[in-house]
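As a plain string of letters, each chain reads:
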Amino acid sequence: MAKVAIVTGASRGIGRSIAKRLAADGFAVVVNFAGNTAAADQTVEEIRKADGEALAVKGNVGDPTDVQNLFSKTLETYGRIDVVVNNAGIMPLSPIAKGDLAIFDSVISTNLRGTFLVFAQAAQHVAEGGRIIAFSSSVLAKSFPTYGPYIASKAGVEGLVPVLANELRGRKITVNAVAPGPTGTDLFLDGKTPEQIEHLSKLAPLERLGEPEDIANVVSFLAGPDGGWINAQTIRVNGGFA
Ligand code: NDP
């Protein structure tokens with residue numbers, strides 16, 4: 001029986017690349033998304049065209065009922081869960097002085113509460129020998145103005161990772177986070193001028209933006225047999241953007 005992976009936020013961007021890569025690695029993949037059904041269906045179609053197995057399940061990672069449904073649908077359909085990648089995330093920017101609670105609450109709900117809820121279900125359902133992978137960001141090290149709510153949410157994620165790794169002692173399950181640098185997706189590109197994009201893409205010594213596949217390669221490694229000795233870490237995948 002094939003191993004099974006859940007990838008949240010897999011309708012677009014980095015999540016779609018992860019879903020396709022894990023399917024190519026032999027996992028049956030559950031493609032979670034928030035609202036963009038057409039894009040999620042396209043991810044599933046691309047996987048099936050390449051002879052992979054996939055299923056789309058809509059759900060907000062910040063909503064406990066939706067997250068529970070995501071895990072129960074996966075178990076109903078595929079019977080087991082080996083890998084959980086909580087990639088879903090948003091990045092609305094706002095200076096702290098504005099005190100914009102709507103932005104703060106939305107980013108904390110998706111990025112931090114979402115990680116907490118997905119971790120809770122993953123801790124209950126991932127099989128022995130499994131992998132749990134969360135998403136932080138390399139921008140934590142930069143402390144750029146307007147990134148306060150986003151950085152706060154991702155700092156919280158980095159805090160949860162080693163705690164869950166400790167709580168899962170004895171079950172041979174690893175828990176890690178991946179922290180990309182600037183990567184060419186809607187989340188990074190939307191709302192930036194070409195000059196801002198050019199500037200940010202040159203900050204890494206490798207002088208380019210990350211591609212979603214650069215990040216999916218590392219998730220594949222962590223999810224596969226060669227990544228098994230990495231536990232309780234945040235891996236910065238950023239071409240040297242530090
Ligand atoms: P995109 O904006 O390209 O895609 C976001 C994905 O998350 C979509 O599939 C979207 O679904 C889904 N999503 C958003 N909110 C929710 C929610 N509440 N519940 C479930 N799914 C949701 O983002 P990226 O691919 O760029 O980002 C992926 C991860 O990588 C995020 O955690 C981000 O913080 C992190 N990251 C990205 C960087 C970058 O430069 N791109 C840099 C550092 C970290 P739908 O299509 O339905 O809206």
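## What to know about the nonpolar core
Generally speaking, a soluble globular protein has its nonpolar side chains buried in company with each other.
Right, so step 1: Core analysis: the biggest nonpolar cluster contains 29 residues, and Phe71, Ile132 and Val175 have the highest contact counts within it.
Right, so step 2: Those elements that place two or more of their residues in this core are strand E1 (4–8), strand E2 (28–33), helix H3 (64–78), helix H4 (101–125), strand E5 (131–135), helix H5 (148–167) and strand E6 (174–180).
Right, so step 3: At 5 residues, the largest contribution of residues to this core is made by H4.
Right, so step 4: Ile14, Phe33, Val85 and Ile215 belong to the second-largest nonpolar core, a separate cluster that totals 28 residues.

## Looking at the environment of Thr8
Right, so step 1: Within the secondary structure layout, Thr8 lies in strand E1.
Right, so step 2: For the pair Thr8 and Asn32, spaced 24 residues apart in sequence, the C-alpha to C-alpha distance is 4.5 Å.
Right, so step 3: Residues contacting Thr8, with those up to four places away along its chain left out, are Asn32, Val61, Leu70, Val85, Asn86, Asn87, Ala88 and Val118.

## Topic: H3
Right, so step 1: In a regular helix each residue adds 1.5 Å, so 15 residues correspond to 21 Å; H3 covers 21 Å between its end C-alpha atoms and thus fits that length.
Right, so step 2: Of all the positions in H3, only Val67, Leu70, Phe71, Thr74 and Tyr78 are classed as buried. Seen along its axis, H3 keeps its buried residues to an arc of 85 degrees; they face one direction. Opposite the buried face of H3, at more than 90 degrees from it, the exposed residues are Thr65 and Glu76.
Right, so step 3: Considering only its buried residues, H3 is in contact with E1, E2, strand E3 (54–58), strand E4 (83–86) and H4.
Right, so step 4: N-cap assignment for H3: the residue whose side-chain oxygen lies 2.8 Å from the backbone N of Thr65 is Asp63.
Right, so step 5: After H3 finishes, the residue Gly79 shows a positive phi value of roughly 85 degrees.

## Observations concerning the packing of helix H1 (residues 13–24) against helix H2 (residues 37–49)
Right, so step 1: Running from amino to carboxyl end, H1 crosses H2 at an angle of 25 degrees, the nearest separation of the two axes being 10 Å. Between H1 and H2, the angle is such that the two are roughly parallel. Once H1 is placed against H2, the crossing between them reads as right-handed. Residues Arg16, Ala19, Lys20 and Ala23 of H1 form the contact with H2, whose own contacting residues are Ala39, Gln42, Thr43, Glu46 and Ile47.
Right, so step 2: Residue classes in the contact of H1 with H2 are distributed as 4 nonpolar, 2 polar and 3 charged.

## Brief notes about the sheet that holds E2
Right, so step 1: The strand order across the open sheet formed by 7 strands is E3-E2-E1-E4-E5-E6-E7, and the pairing between neighbours is parallel. Whereas interior strands pair on both sides, the edge strands pair on one side only; in this sheet they are E3 and strand E7 (234–237). Within this sheet the neighbouring strands show an average axis-to-axis angle of 20 degrees, counted without direction.
Right, so step 2: When E4 meets E5, the two strands line up parallel, connected through 4 bridges. Across the sheet, the residue bridging to Asn86 is Ala134, located in E5.

## Overview of the site of the ligand
Right, so step 1: Around the ligand, the structure places 32 residues, and the nearest of them are Ser11, Arg12, Gly35, Tyr150 and Thr185.
Right, so step 2: The separation between an oxygen atom of the ligand and a polar main-chain atom of Ile14 is 2.8 Å.
Right, so step 3: Here an oxygen atom of the ligand sits 2.8 Å away from a polar atom, N or O, in the main chain of Thr183.
Right, so step 4: Given that more than half its atoms are within 2 Å of the pocket grid, the ligand belongs to the largest pocket.
Right, so step 5: Those elements that place two or more of their residues in the shell around the ligand are H1, E2, H5 and helix H6 (186–189).
Right, so step 6: A total of 3 residues in the shell around the ligand trace back to one element, the largest contributor, which is H6.
Right, so step 7: Here the shell around the ligand is composed, by residue class, of 13 nonpolar, 16 polar and 3 charged.

## Overview of the side chain of Asn32
Right, so step 1: Position of Asn32 relative to the elements: it lies in strand E2.
Right, so step 2: On the basis of relative accessible area, Asn32 is assigned to the buried category, the value being 3%.
Right, so step 3: Polar side-chain contacts of Asn32 include one of 3.0 Å to the backbone oxygen of Gly59.
Right, so step 4: Aside from chain neighbours lying at most four places away, what touches Asn32 is Val7, Thr8, Gly9, Ala10, Ser11, Val57, Lys58, Gly59, Val61 and Leu70.

Thresholds, definitions, all that
- Residues numbered from 1 in each chain as written.
- Predicted model: local features only at pLDDT ≥ 70, side-chain atom pairs only at ≥ 80, totals over all residues.
- Heavy atoms only, no water.
- Core = buried A, V, L, I, M, F, W, Y, C linked by side-chain atoms within 4.5 Å.
- Buried < 20%, exposed > 50% of the residue type's maximum accessible area, 1.4 Å probe, protein only.
- Helix = DSSP H or I, 4+ residues; strand = E, 2+ residues; numbered from the N terminus.
- Contact = heavy atoms within 4.5 Å.
- Expected span 1.5 Å × (residues − 1).
- Arc of directions from axis to C-beta.
- Polar contact = N/O pair within 3.5 Å; in protein donor to acceptor, adjacent residues only side chain to side chain.
- Axes fitted to C-alpha atoms, helices over the stretch in contact; angles between N-to-C directions.
- Parallel < 35°, antiparallel > 145°, perpendicular 65-115°, else oblique.
- Left-handed = near helix turned anticlockwise from the far one by under 90°.
- Nonpolar A, V, L, I, M, F, W, Y, C, P; charged D, E, K, R; others polar.
- Pairing = 2+ DSSP bridges.
- Near = heavy atom within 4 Å.
- 1 Å grid on protein atoms, 1.4 Å probe; cavity = no way out; pocket = protein on both sides within 12 Å on 5 of 7 lines; lining within 4 Å.
- Sits in = over half its atoms within 2 Å of the grid points.

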